Structure formats: C-alpha cells, structure tokens
Amino acid sequence: DIDFSMLTNLKAIMIFANKMTDRSLLHLAKTPPGLEFVYIDGAQVIDKGLIELLQKQKSLHLLVVSDSKMTDLAMPEIGKLKDLTNLTLAGTGITGKGIKNLLDLRHLSTLDLARTDKSDAGLQEIKQLTSISTLSLDGTKVTDAGILQLGSLTELRWLGVSSTKVTEKGKKALQKLLPELNFEK
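As the structure is a computational prediction, the values presented were derived from the model and not from experiment.

**Q** Looking at this model, I keep getting lost on the overall build of the protein chain. Mind explaining?
**A** When helices and strands are counted, the protein chain shows seven helices and eight strands. For a compact globule of 185 residues, the expected C-alpha radius of gyration is about 16 Å, and the protein chain comes in at 17 Å, within 12% of that figure. With the C-alpha coordinates of the protein chain rotated into their principal frame, the extents come out at 55 × 30 × 30 Å. For the protein chain, with 185 residues in total, the buried portion stands at 49%. Put simply, of all contacts in the protein chain between residues at least 6 apart along the chain, 54% involve residues at least 24 apart.

**Q** Just checking my understanding: could you explain the pattern of salt bridges for this structure?
**A** Two side chains that carry opposite charge are able to pair once their charged atoms sit near each other. Counted according to the given criterion, the structure contains eight salt bridges. Its salt-bridge partner being E77, residue K58 comes within 2.7 Å of it at the nearest N-O pair. Placement of the pair is K58 in the loop between α2 (48-56) and β3 (62-66) and E77 in helix α3 (residues 75-78), with a sequence separation of 19 residues. Using a relative accessible area of 35% as the deciding quantity, one classes K58 as partly exposed. Note that E180 and R157 form a salt bridge whose closest N and O atoms lie 3.3 Å from each other. Highlighted residues: E180 in the loop between α7 (168-177) and β8 (182-183) and R157 in the loop between α6 (144-147) and β7 (158-160), separated in sequence by 23 residues.

Quick notes on the rules
- Residues numbered from 1 in each chain as written.
- Predicted model: local features only at pLDDT ≥ 70, side-chain atom pairs only at ≥ 80, totals over all residues.
- Heavy atoms only, no water.
- Helix = DSSP H or I, 4+ residues; strand = E, 2+ residues; numbered from the N terminus.
- Rg over C-alpha atoms; globule rule 2.2 N^0.38 Å.
- Buried < 20%, exposed > 50% of the residue type's maximum accessible area, 1.4 Å probe, protein only.
- Contact = heavy atoms within 4.5 Å.
- Salt bridge = Lys/Arg side-chain N within 4 Å of Asp/Glu carboxyl O.

Okay, here's the thing in structure tokens:
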C-alpha cells in the first residue's frame, strides 16, 4: 500500500480506474491538505470515500468525478470548496437537490453536468450560479423552454446541449438574451 500521508507536496491526483471504490478513496483521504486538482473517471465511487477525501482538501480548484455512482450525498462537501473554479460531474447520479449545494461557489466558472438526470426543472438552481461561463448539459433531458431559464447568466459564453431536446430555434432564442453565447459545434 502507498502511504499517501507522506506525499506532502502532492497537488494533483488523476484516477482512471473502474475498480476504484470508496474504500480505495479512504486511503487517498490520508493525503495532506494542498491538493488543487482531483480527477476521478470511471471509478465505482459512491460517496463516502469522496466525502472523506474532500473534507481535507479545501484548496481544490478543479474537481472531476465522471462516470461514477456518486450521488447528492457528496454535494454538501463539494459546496464547501470555495476556491473551486471547474467542476465536472458528468455521468453521475446528482440531482437538482444536490446542485443547491453549489450556490455559494462564487468562483465556479465551468460546470459539466453531461449525462446526468438534469431536466428543465433542474435548471432553476443552475441559473443562480451567476459566475458560470461554461456549462455542459449534453445528453440531459433539457428542452428549449428549459435553456431559456439560463438567460440571466450574463457570464455564460459556452453551452453544450448536444443529444438533448434543444432545437436550433431554442438556441437562437437564448442567443437573443445572451449575444456572446456559443454552442458546441
């Protein structure tokens, strides 16, 4: 086993492993504070190990948890990461209820919620994240009516809505509200 407590200058952790579990993350939770970047892709992480890891890592700028079994249970801990600028939760089990925990993240500029259970109703919370400049809703259940709720996000410059029910008409309507907005190609 690796003694993560000895890695005092560690700034980033990248995990690409479908066999990584909460139990494995509990070992990583021994990493001293100071991480700035955590990337976990395809792991069988649920919530407990992630919560333990994040409780010590308050200086994170970038957090990626994708294609995992993570749920809303970890969201309160993510909401405490006041320096977070980039957050990816693509392919996780988070809901609108979990997104409410992000409302105090004043520096959050990039949010990736692709392939989550987001629908038009879930955009109520997202429209309160006024610092967002990049938002991915690819592969979600959002529609034209839903994305119009994002018209108050004056910093929004890029919106991903591929594989959704959003039409060209809906995109153009949102661009009238946000003329600098671009969509994925």
